[in-house]
Amino acid sequence: MQTFTTIAELRAALAPHRLDGRTIGLVPTMGYLHVGHMELVRRARADNDIVVATIFVNPLQFGANEDLSRYPRDLARDQAMLEAEGVHYLFAPGVKDMYPQPMETVVDVPKLGAELEGSVRPGHFAGVATVVTKLFNIAGPDRAYFGEKDFQQLTIIRRMVADLAQPVEVIGVPTVREADGLACSSRNVYLSPQERAAAAIVPRALDEAERLVAAGETDARKLEAAVRAFIQGEALAEPEVVAVRDPQTLADVTTIGEKPVLLLLFVRFGSTKLLDNRVLGPKNAMPEHAKKVA
Ligand SMILES: Nc1ncnc2c1ncn2[C@@H]1O[C@H](COP(=O)(O)OP(=O)(O)OP(=O)(O)O)[C@@H](O)[C@H]1O
Ligand SMILES: CC(C)(CO)[C@@H](O)C(=O)[O-]
Ligand code: BAL
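Reading the values: the criteria
- Residues numbered from 1 in each chain as written.
- Chains lettered and ligands numbered in written order.
- Predicted model: local features only at pLDDT ≥ 70, side-chain atom pairs only at ≥ 80, totals over all residues.
- Heavy atoms only, no water.
- UniProt positions renumbered as here; feature names shortened; annotations may be inferred.
- Salt bridge = Lys/Arg side-chain N within 4 Å of Asp/Glu carboxyl O.
- Helix = DSSP H or I, 4+ residues; strand = E, 2+ residues; numbered from the N terminus.
- Buried < 20%, exposed > 50% of the residue type's maximum accessible area, 1.4 Å probe, protein only.
- 1 Å grid on protein atoms, 1.4 Å probe; cavity = no way out; pocket = protein on both sides within 12 Å on 5 of 7 lines; lining within 4 Å.
- Points joined across faces, edges and corners; volume = space filled by probe spheres on them.

As recorded by an unreviewed UniProt entry, the chain carries the name Pantothenate synthetase and is attributed to Shinella sumterensis. Under Catalytic activity (unreviewed entry), UniProt gives the following word-for-word description of the chain: "(R)-pantoate + beta-alanine + ATP = (R)-pantothenate + AMP + diphosphate + H(+)". Recorded in UniProt for the chain, the comment headed Function (unreviewed entry) runs: "Catalyzes the condensation of pantoate with beta-alanine in an ATP-dependent reaction via a pantoyl-adenylate intermediate."

(A) Up close: the pattern of salt bridges. On inspection of all chains with the given rule, the structure shows 21 salt bridges. Glu39 is paired through a salt bridge with Arg42; the nearest N and O atoms lie 3.4 Å apart. Taken together, the residues Glu39 and Arg42, both in helix α2 (residues 35-47) and three residues apart, mark about one turn of the helix. Residue classification places Glu39 among the buried residues on the basis of a relative accessible area of 16%. Of the residues examined, Arg42 reaches a relative accessible area of 36% and is grouped as partly exposed. Measuring nitrogen to oxygen at the nearest pair gives 2.9 Å for the salt bridge that ties Glu208 to Arg211. A residue pair is termed a helical-turn pair when its members lie 3 or 4 positions apart in one helix, as Glu208 and Arg211 do in helix α10 (residues 201-214) at three residues. In this structure Glu208 comes out as buried when scored by relative accessible area, which is 16%. The network of salt bridges with common partners includes Glu115, Arg221, Glu224, Arg245 and Asp252.

(B) Local environment of the layout of surface pockets. Of the volumes computed, that of the largest pocket is approximately 1000 Å³. Contributing to the lining of the largest pocket are 50 residues, with Met30, Tyr71, Lys149, Asp150 and Arg187 lying nearest its centre. Of all the secondary structure elements, the ones that give two or more residues to the lining of the largest pocket are β2 (24-29), α2, α7 (124-139), β5 (143-147) and β10 (272-280). For the lining of the largest pocket, the element with the highest residue contribution is α7, accounting for six residues.

Dropping the structure here:
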(Lines give C-alpha, C1' and ligand atoms only; values in the text may rest on other atoms or scores of the structure.)
(Ligands and ions follow the chains in the order given, each with its own letter.)
Protein backbone atom coordinates (compact mmCIF):
# COMPACT_ATOMS: atom_id res chain seq x y z
CA MET A 1 0.00 0.00 0.00
CA GLN A 2 1.23 3.46 -0.85
CA THR A 3 0.31 6.47 1.27
CA PHE A 4 -0.02 9.90 -0.31
CA THR A 5 -0.68 13.27 1.24
CA THR A 6 -1.10 15.36 -1.90
CA ILE A 7 -3.85 15.44 -4.51
CA ALA A 8 -1.29 15.38 -7.34
CA GLU A 9 0.40 12.19 -6.08
CA LEU A 10 -2.87 10.29 -5.77
CA ARG A 11 -4.07 11.44 -9.19
CA ALA A 12 -0.76 10.41 -10.78
CA ALA A 13 -0.97 6.96 -9.20
CA LEU A 14 -4.59 6.40 -10.29
CA ALA A 15 -4.34 7.69 -13.88
CA PRO A 16 -2.70 4.56 -15.38
CA HIS A 17 -5.25 2.29 -13.67
CA ARG A 18 -8.07 4.29 -15.18
CA LEU A 19 -6.45 4.16 -18.62
CA ASP A 20 -6.19 0.38 -18.28
CA GLY A 21 -9.90 0.21 -17.49
CA ARG A 22 -9.52 -0.84 -13.83
CA THR A 23 -12.37 0.05 -11.50
CA ILE A 24 -11.68 2.17 -8.43
CA GLY A 25 -13.48 1.86 -5.08
CA LEU A 26 -13.24 4.72 -2.57
CA VAL A 27 -13.60 4.38 1.21
CA PRO A 28 -13.68 7.83 2.85
CA THR A 29 -12.98 7.89 6.61
CA MET A 30 -11.75 10.14 9.37
CA GLY A 31 -9.33 7.45 10.59
CA TYR A 32 -8.87 5.74 13.96
CA LEU A 33 -10.14 2.70 12.16
CA HIS A 34 -12.24 -0.12 13.56
CA VAL A 35 -13.92 -3.26 12.23
CA GLY A 36 -16.80 -1.18 10.82
CA HIS A 37 -14.39 0.64 8.52
CA MET A 38 -12.79 -2.69 7.60
CA GLU A 39 -16.17 -3.98 6.42
CA LEU A 40 -16.36 -1.02 4.02
CA VAL A 41 -12.87 -1.89 2.79
CA ARG A 42 -13.76 -5.56 2.30
CA ARG A 43 -16.81 -4.61 0.24
CA ALA A 44 -14.71 -2.23 -1.83
CA ARG A 45 -12.07 -4.94 -2.40
CA ALA A 46 -14.73 -7.42 -3.52
CA ASP A 47 -16.31 -5.02 -6.01
CA ASN A 48 -13.32 -3.17 -7.50
CA ASP A 49 -9.85 -3.71 -8.98
CA ILE A 50 -8.27 -0.87 -7.00
CA VAL A 51 -9.20 0.36 -3.51
CA VAL A 52 -8.41 3.83 -2.24
CA ALA A 53 -9.02 4.62 1.43
CA THR A 54 -8.92 8.18 2.68
CA ILE A 55 -8.22 9.49 6.17
CA PHE A 56 -9.01 13.14 6.69
CA VAL A 57 -10.46 14.78 9.77
CA ASN A 58 -12.38 17.41 7.85
CA PRO A 59 -12.53 20.75 9.68
CA LEU A 60 -15.46 21.91 7.53
CA GLN A 61 -17.83 19.45 9.21
CA PHE A 62 -16.97 20.34 12.82
CA GLY A 63 -18.74 23.10 14.73
CA ALA A 64 -16.75 25.59 16.82
CA ASN A 65 -17.42 23.71 20.07
CA GLU A 66 -16.98 20.21 18.69
CA ASP A 67 -14.13 17.72 19.03
CA LEU A 68 -11.96 18.57 15.98
CA SER A 69 -8.76 19.03 18.01
CA ARG A 70 -9.20 15.92 20.15
CA TYR A 71 -10.58 13.59 17.45
CA PRO A 72 -8.64 10.31 17.94
CA ARG A 73 -5.77 9.72 15.49
CA ASP A 74 -3.29 6.87 14.94
CA LEU A 75 -1.99 6.88 11.37
CA ALA A 76 0.55 4.06 11.84
CA ARG A 77 -2.07 1.69 13.24
CA ASP A 78 -4.56 2.68 10.52
CA GLN A 79 -1.96 2.07 7.80
CA ALA A 80 -1.23 -1.43 9.15
CA MET A 81 -4.96 -2.28 9.23
CA LEU A 82 -5.57 -1.04 5.67
CA GLU A 83 -2.46 -2.79 4.35
CA ALA A 84 -3.61 -6.07 5.93
CA GLU A 85 -6.94 -5.76 4.09
CA GLY A 86 -5.26 -5.25 0.72
CA VAL A 87 -5.95 -1.53 0.22
CA HIS A 88 -3.83 -0.23 -2.66
CA TYR A 89 -3.63 3.46 -1.83
CA LEU A 90 -4.19 5.56 1.28
CA PHE A 91 -4.83 9.24 0.80
CA ALA A 92 -4.14 10.99 4.11
CA PRO A 93 -3.82 14.70 3.31
CA GLY A 94 -3.18 17.48 5.77
CA VAL A 95 -5.63 20.39 5.99
CA LYS A 96 -3.33 22.52 3.78
CA ASP A 97 -3.21 19.74 1.13
CA MET A 98 -7.01 19.56 0.97
CA TYR A 99 -7.71 23.24 1.47
CA PRO A 100 -4.68 25.26 0.29
CA GLN A 101 -6.85 28.37 0.42
CA PRO A 102 -10.02 29.03 2.42
CA MET A 103 -12.93 27.28 0.72
CA GLU A 104 -15.34 29.64 -1.04
CA THR A 105 -17.36 26.82 -2.58
CA VAL A 106 -19.89 24.81 -0.61
CA VAL A 107 -21.92 21.79 -1.64
CA ASP A 108 -25.07 21.67 0.43
CA VAL A 109 -28.23 19.59 0.57
CA PRO A 110 -29.86 22.14 2.84
CA LYS A 111 -33.25 20.66 3.71
CA LEU A 112 -32.00 17.15 4.45
CA GLY A 113 -28.95 18.60 6.16
CA ALA A 114 -30.84 20.86 8.55
CA GLU A 115 -32.83 18.25 10.39
CA LEU A 116 -32.18 15.34 12.76
CA GLU A 117 -28.42 15.31 13.51
CA GLY A 118 -28.17 18.51 11.43
CA SER A 119 -30.49 20.31 13.86
CA VAL A 120 -27.90 19.89 16.63
CA ARG A 121 -24.86 20.21 14.31
CA PRO A 122 -25.61 23.21 12.05
CA GLY A 123 -23.40 23.25 8.94
CA HIS A 124 -22.16 19.71 9.56
CA PHE A 125 -23.69 18.11 6.47
CA ALA A 126 -22.61 20.93 4.15
CA GLY A 127 -19.06 20.22 5.36
CA VAL A 128 -19.56 16.52 4.65
CA ALA A 129 -21.09 17.06 1.20
CA THR A 130 -18.32 19.49 0.26
CA VAL A 131 -15.43 17.22 1.30
CA VAL A 132 -17.03 14.11 -0.21
CA THR A 133 -17.49 15.94 -3.52
CA LYS A 134 -13.86 17.02 -3.40
CA LEU A 135 -12.72 13.46 -2.64
CA PHE A 136 -14.82 12.21 -5.59
CA ASN A 137 -13.20 14.83 -7.81
CA ILE A 138 -9.72 13.86 -6.61
CA ALA A 139 -10.03 10.07 -6.86
CA GLY A 140 -12.67 9.71 -9.60
CA PRO A 141 -14.00 6.46 -8.11
CA ASP A 142 -16.46 4.14 -9.82
CA ARG A 143 -17.95 3.27 -6.43
CA ALA A 144 -17.83 4.84 -2.96
CA TYR A 145 -18.64 3.09 0.32
CA PHE A 146 -20.42 4.58 3.34
CA GLY A 147 -21.81 3.04 6.52
CA GLU A 148 -25.53 2.78 7.30
CA LYS A 149 -24.70 3.79 10.89
CA ASP A 150 -24.46 7.36 9.57
CA PHE A 151 -27.79 6.93 7.79
CA GLN A 152 -28.58 10.61 7.33
CA GLN A 153 -25.10 11.14 5.86
CA LEU A 154 -25.64 8.24 3.46
CA THR A 155 -29.04 9.62 2.41
CA ILE A 156 -27.58 13.09 1.84
CA ILE A 157 -24.68 11.72 -0.21
CA ARG A 158 -27.05 9.64 -2.35
CA ARG A 159 -29.19 12.73 -2.96
CA MET A 160 -26.16 14.89 -3.77
CA VAL A 161 -24.86 12.31 -6.26
CA ALA A 162 -28.28 12.09 -7.93
CA ASP A 163 -28.88 15.86 -8.03
CA LEU A 164 -25.42 16.67 -9.39
CA ALA A 165 -25.09 13.58 -11.64
CA GLN A 166 -21.81 12.73 -9.96
CA PRO A 167 -20.52 9.64 -11.80
CA VAL A 168 -20.17 7.48 -8.69
CA GLU A 169 -22.18 4.51 -7.45
CA VAL A 170 -22.85 4.96 -3.72
CA ILE A 171 -22.84 1.72 -1.73
CA GLY A 172 -24.31 1.60 1.79
CA VAL A 173 -22.79 -0.97 4.16
CA PRO A 174 -24.69 -2.43 7.15
CA THR A 175 -23.64 -1.39 10.64
CA VAL A 176 -20.98 -3.52 12.34
CA ARG A 177 -21.53 -3.90 16.08
CA GLU A 178 -19.66 -4.76 19.26
CA ALA A 179 -20.62 -7.88 21.21
CA ASP A 180 -23.31 -6.03 23.24
CA GLY A 181 -24.84 -4.53 20.10
CA LEU A 182 -23.31 -1.05 20.33
CA ALA A 183 -22.42 0.20 16.85
CA CYS A 184 -18.64 0.40 16.35
CA SER A 185 -17.59 4.03 16.22
CA SER A 186 -14.28 5.88 16.52
CA ARG A 187 -15.84 8.11 19.15
CA ASN A 188 -16.61 5.14 21.42
CA VAL A 189 -13.10 5.64 22.87
CA TYR A 190 -14.32 8.87 24.48
CA LEU A 191 -16.74 6.92 26.69
CA SER A 192 -15.78 6.32 30.34
CA PRO A 193 -16.18 2.69 31.47
CA GLN A 194 -19.53 3.64 33.05
CA GLU A 195 -20.71 5.42 29.89
CA ARG A 196 -19.54 2.51 27.71
CA ALA A 197 -21.61 0.09 29.79
CA ALA A 198 -24.59 2.48 29.69
CA ALA A 199 -24.30 2.91 25.90
CA ALA A 200 -25.72 -0.58 25.39
CA ILE A 201 -29.08 1.15 25.97
CA VAL A 202 -28.88 2.45 22.37
CA PRO A 203 -29.15 -0.90 20.53
CA ARG A 204 -31.52 -2.10 23.25
CA ALA A 205 -33.78 0.86 22.47
CA LEU A 206 -33.88 -0.31 18.85
CA ASP A 207 -34.87 -3.79 20.05
CA GLU A 208 -37.55 -2.21 22.25
CA ALA A 209 -38.90 -0.28 19.26
CA GLU A 210 -39.02 -3.46 17.21
CA ARG A 211 -40.90 -5.16 20.05
CA LEU A 212 -43.42 -2.31 20.29
CA VAL A 213 -44.07 -2.34 16.53
CA ALA A 214 -44.47 -6.13 16.58
CA ALA A 215 -46.94 -5.68 19.47
CA GLY A 216 -49.05 -3.39 17.29
CA GLU A 217 -47.84 0.20 17.79
CA THR A 218 -48.69 2.14 14.62
CA ASP A 219 -48.41 5.74 15.85
CA ALA A 220 -44.96 7.10 15.02
CA ARG A 221 -45.10 9.87 17.65
CA LYS A 222 -46.11 7.40 20.37
CA LEU A 223 -43.28 5.09 19.35
CA GLU A 224 -40.80 7.99 19.50
CA ALA A 225 -42.07 8.96 22.98
CA ALA A 226 -41.81 5.38 24.24
CA VAL A 227 -38.28 4.95 22.87
CA ARG A 228 -37.21 8.31 24.33
CA ALA A 229 -38.55 7.27 27.75
CA PHE A 230 -36.82 3.89 27.44
CA ILE A 231 -33.47 5.60 26.77
CA GLN A 232 -34.05 8.06 29.62
CA GLY A 233 -34.33 5.02 31.90
CA GLU A 234 -30.53 5.01 31.66
CA ALA A 235 -29.35 7.93 33.81
CA LEU A 236 -26.20 8.63 31.74
CA ALA A 237 -28.05 8.74 28.41
CA GLU A 238 -29.54 11.92 26.95
CA PRO A 239 -31.54 11.26 23.76
CA GLU A 240 -31.12 14.23 21.38
CA VAL A 241 -32.87 12.77 18.34
CA VAL A 242 -35.48 9.99 18.37
CA ALA A 243 -37.26 10.07 15.01
CA VAL A 244 -39.37 7.78 12.86
CA ARG A 245 -38.80 8.58 9.18
CA ASP A 246 -39.11 7.22 5.67
CA PRO A 247 -35.99 5.08 5.00
CA GLN A 248 -35.58 6.35 1.43
CA THR A 249 -36.20 10.07 1.81
CA LEU A 250 -36.04 10.70 5.58
CA ALA A 251 -39.42 12.42 5.21
CA ASP A 252 -41.57 12.48 8.32
CA VAL A 253 -43.85 9.50 8.88
CA THR A 254 -46.94 9.56 11.09
CA THR A 255 -48.17 5.99 10.81
CA ILE A 256 -46.29 2.71 10.92
CA GLY A 257 -48.14 0.39 8.58
CA GLU A 258 -47.38 -1.76 5.58
CA LYS A 259 -44.24 0.08 4.55
CA PRO A 260 -40.98 -0.15 6.54
CA VAL A 261 -39.97 2.91 8.56
CA LEU A 262 -36.61 4.02 9.86
CA LEU A 263 -35.98 4.80 13.53
CA LEU A 264 -33.02 7.15 13.93
CA LEU A 265 -31.29 7.71 17.27
CA PHE A 266 -28.73 10.31 18.26
CA VAL A 267 -27.93 9.87 21.94
CA ARG A 268 -25.51 11.83 24.11
CA PHE A 269 -23.40 10.30 26.91
CA GLY A 270 -21.61 13.20 28.58
CA SER A 271 -20.09 15.07 25.63
CA THR A 272 -20.04 11.99 23.37
CA LYS A 273 -22.79 11.63 20.77
CA LEU A 274 -23.63 8.21 19.39
CA LEU A 275 -25.70 7.37 16.33
CA ASP A 276 -27.76 4.31 15.54
CA ASN A 277 -30.82 3.37 13.51
CA ARG A 278 -32.93 0.43 12.46
CA VAL A 279 -35.51 -0.25 9.80
CA LEU A 280 -38.77 -1.38 11.44
CA GLY A 281 -41.72 -3.06 9.83
CA PRO A 282 -42.13 -5.87 7.33
CA LYS A 283 -39.23 -8.24 7.99
CA ASN A 284 -38.46 -8.96 4.34
CA ALA A 285 -37.94 -5.25 3.69
CA MET A 286 -35.15 -4.93 6.24
CA PRO A 287 -31.55 -4.56 5.17
CA GLU A 288 -29.03 -6.93 6.66
CA HIS A 289 -28.65 -4.62 9.59
CA ALA A 290 -27.36 -5.97 12.86
CA LYS A 291 -23.98 -7.56 12.41
CA LYS A 292 -22.28 -8.70 15.58
CA VAL A 293 -18.57 -8.91 16.14
CA ALA A 294 -17.43 -11.63 18.53
N1 LIG B 1 -20.00 0.43 12.84
C2 LIG B 1 -19.90 0.75 11.56
N3 LIG B 1 -20.33 -0.11 10.61
C4 LIG B 1 -20.25 0.20 9.29
N5 LIG B 1 -19.74 1.37 8.84
C6 LIG B 1 -19.31 2.26 9.73
C7 LIG B 1 -19.36 2.00 11.13
N8 LIG B 1 -18.85 3.08 11.78
C9 LIG B 1 -18.50 3.96 10.84
N10 LIG B 1 -18.78 3.50 9.61
C11 LIG B 1 -18.61 4.20 8.35
O12 LIG B 1 -17.25 4.48 8.13
C13 LIG B 1 -17.12 5.68 7.38
C14 LIG B 1 -16.16 6.58 8.06
O15 LIG B 1 -16.71 6.96 9.31
P16 LIG B 1 -15.91 7.68 10.45
O17 LIG B 1 -14.46 7.69 10.11
O18 LIG B 1 -16.57 8.94 10.81
O19 LIG B 1 -16.06 6.62 11.62
P20 LIG B 1 -17.02 6.61 12.82
O21 LIG B 1 -16.68 5.42 13.60
O22 LIG B 1 -18.42 6.82 12.33
O23 LIG B 1 -16.52 7.86 13.60
P24 LIG B 1 -17.31 8.78 14.58
O25 LIG B 1 -17.27 8.07 15.87
O26 LIG B 1 -16.45 9.98 14.51
O27 LIG B 1 -18.68 9.03 14.03
C28 LIG B 1 -18.54 6.29 7.31
O29 LIG B 1 -19.10 5.97 6.05
C30 LIG B 1 -19.25 5.57 8.42
O31 LIG B 1 -20.65 5.48 8.21
C1 LIG C 1 -17.69 10.75 4.98
C2 LIG C 1 -16.65 11.44 5.85
C3 LIG C 1 -15.31 10.70 5.74
C4 LIG C 1 -16.45 12.86 5.31
O5 LIG C 1 -15.50 13.55 6.07
C6 LIG C 1 -17.10 11.51 7.31
O7 LIG C 1 -18.24 12.28 7.46
C8 LIG C 1 -17.26 10.16 7.95
O9 LIG C 1 -16.21 9.65 8.38
O10 LIG C 1 -18.36 9.61 8.02
N1 BAL D 1 -19.11 9.90 11.40
C2 BAL D 1 -19.57 11.13 10.79
C3 BAL D 1 -18.56 12.19 10.84
C4 BAL D 1 -18.70 13.15 11.96
O5 BAL D 1 -19.36 12.85 12.98
O6 BAL D 1 -18.13 14.23 11.87
